[in-house]
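# Chain and residue survey
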Amino acid sequence: MTLLLASAQFLKAFARRLGQAAAWFVVLLILTVVVDVITRRFVVLGSTKLQDLEWHFHAALFLFSLGYAYVEGEHVRIDVLHTRFGETTVAVIELIGALLFVVPFCVIVLYYGWTFVERSYLLGEASASQTGLTHRWIIKSALLIGFATLLSAALGVVAEQIARLMGAAPPPAPPSRHEEVGL
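Residues numbered from 1 in each chain as written. Predicted model: local features only at pLDDT ≥ 70, side-chain atom pairs only at ≥ 80, totals over all residues. Heavy atoms only, no water.

## Some points on the overall build of the chain
Note the following rule: Here a strand is any run of E in DSSP of at least two residues, a helix any run of H or I of at least four, and the numbering for each starts at the N terminus. Buried, partly exposed and exposed residues are distinguished by accessible area as a fraction of the type maximum, computed with a 1.4 Å probe on protein chains only: under 20%, between the cut-offs, and over 50%, respectively. By the convention used here, residues are in contact when the closest approach between their heavy atoms is within 4.5 Å. Areas reported as accessible are Shrake-Rupley estimates using a 1.4 Å probe. Residue values count occlusion only from the protein chains shown.
Of regular secondary structure, the chain possesses 7 helices and 0 strands. Overall, the chain shows an N-to-C arrangement of helices and strands of α-α-α-α-α-α-α. The proportion of buried residues among the 183 residues of the chain is 35%. Taking as baseline every contact in the chain between residues at least 6 positions apart, the subset at least 24 positions apart corresponds to 77%. Surface accessibility of the chain: about 12,000 Å² in total, with carbon and sulfur atoms responsible for 70%.

Written out as structure tokens, the structure reads:
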């Protein structure tokens, strides 16, 4: 059971670290938007490359944060029902949800996504705009990385829930670095 919990923590830590590193894409995105707006407004120099880069940073931020959101419990679920159930019922629901929805979806995306990226690379796909970015396969690879991270997080959740159902104590929640603000 300790091996199960250790593997769960390892898989979840991988997704957590990548999500934390992906937060830096926000800074890159903001800087790119600022430069794009300033050069368009004051220098009268529109750049399709900058607009493509904005799109790429936004996609990378979203995709690399998928696993982090799942591990931290920030994904879509019905929290109202979770608060009414006991720990065993919640563990069963999390396990079934991960096994029936998250893991198969990630496997399907990774299976077809590989061909998607490979075709882009072999065709030398570039932006639809003449002056846009080249090497479109790089941003399409972010799809594979993001869903591989989500799969890692889901497998970590599966291992953790199996261990909980076998009698292991739930691991302590990581300290929260933000405050929830409600209306």
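On we go.
## Topic: the confidence of the model for the chain
In plain terms, the rule: The pLDDT score gives, residue by residue, the confidence of the prediction method on a 0 to 100 scale.
Residue-level pLDDT values for the chain average 86, and 90% of them are 70 or greater. Here helix α5 (residues 79-84) is the element of the chain with the lowest mean pLDDT, 72, and helix α7 (residues 137-165) is the one with the highest, 93.

## A word on the packing of helix α3 (residues 48-64) against α7
We count it as follows: Only the contacting stretch of a helix is used when fitting its axis, a line to C-alpha atoms as for every element, and angles between N-to-C directions run 0 to 180 degrees. Roughly parallel covers angles under 35 degrees, roughly antiparallel covers those over 145, roughly perpendicular covers 65 to 115, and oblique covers all other angles. Following the grouping adopted for this structure description, the nonpolar residues are Ala, Val, Leu, Ile, Met, Phe, Trp, Tyr, Cys and Pro, the charged ones are Asp, Glu, Lys and Arg, and the polar ones are all others, Gly among them.
Taken N-terminus to C-terminus, the directions of α3 and α7 make an angle of 10°; their axes are 8 Å apart at the nearest point. When the axis of α3 is compared with that of α7, the two are roughly parallel. In this structure, α3 contributes W55, H56, A59, A60, L63 and F64 to the contact, and α7 contributes I139, A142, L143, I145, G146 and F147. Of the residues contributing to the contact of α3 with α7, the split by class is 10 nonpolar, 2 polar and no charged.

## Considering the environment of A154
As for its position among the elements, A154 is in helix α7. Given the relative accessible area of 0%, A154 is considered buried. Separated by 143 residues in sequence, A154 and L11 have C-alpha atoms that sit 8.4 Å apart.

## Details of the packing of aromatic side chains
Where we set the bar: Geometry of aromatic contacts follows a simple scheme: Phe, Tyr and Trp rings, the Trp one being its six-membered ring, pair when their centres are within 6.5 Å, and the pair is stacked under 30 degrees between planes, edge-to-face over 60, tilted otherwise.
In this structure the tally under the stated criterion is 5 aromatic pairs. Ring geometry for F105 versus F147: centroids 5.7 Å apart, planes at 65°, classification edge-to-face. Of the two residues, F105 is situated in helix α6 (residues 87-123) and F147 in helix α7; the sequence distance between them amounts to 42 residues. With a centroid separation of 4.9 Å and an interplanar angle of 85°, the aromatic rings of Y111 and Y112 are classed as edge-to-face. With respect to class, Y111 is no different from Y112; both count as exposed. Members of the aromatic cluster, connected to one another through ring pairs, are F25, F57 and F64.

## Observations regarding the side chain of R136
Stated precisely, the cut-off is as follows: A positive count includes Lys and Arg, and a negative count includes Asp and Glu. His and the chain ends are not counted in either. Throughout this description, the term salt bridge denotes a Lys or Arg side-chain nitrogen within 4 Å of a carboxyl oxygen of Asp or Glu.
Here R136 lies in the loop between α6 and α7. Although R136 lies buried, it forms no salt bridge, and the closest oppositely charged side chain, D52, sits 4.6 Å away as judged by the N-O distance. Beyond its immediate chain neighbours, meaning those up to four positions away, R136 contacts W55, H56, S120, E125, A126, S127 and A128.

## Quick look at the nonpolar core
In plain terms, the rule: Within this scheme, the nonpolar core is defined by two criteria: the residues are buried Ala, Val, Leu, Ile, Met, Phe, Trp, Tyr or Cys, and they are joined through side-chain atoms within 4.5 Å.
By size, the foremost hydrophobic cluster in this structure holds 28 residues, and its most contacted members are F25, F64, Y70, F147 and L150. Broken down by secondary-structure element, the contributors of at least two residues to this core are α1 (2-22), α2 (24-41), α3, α4 (66-71), α6 and α7. The biggest single contributor to this core is α7, with 9 residues. With residues up to four places along the chain from it excluded, the contact list for Y70 reads H75, E94, A98, V102, L150, A153, A154 and V157.

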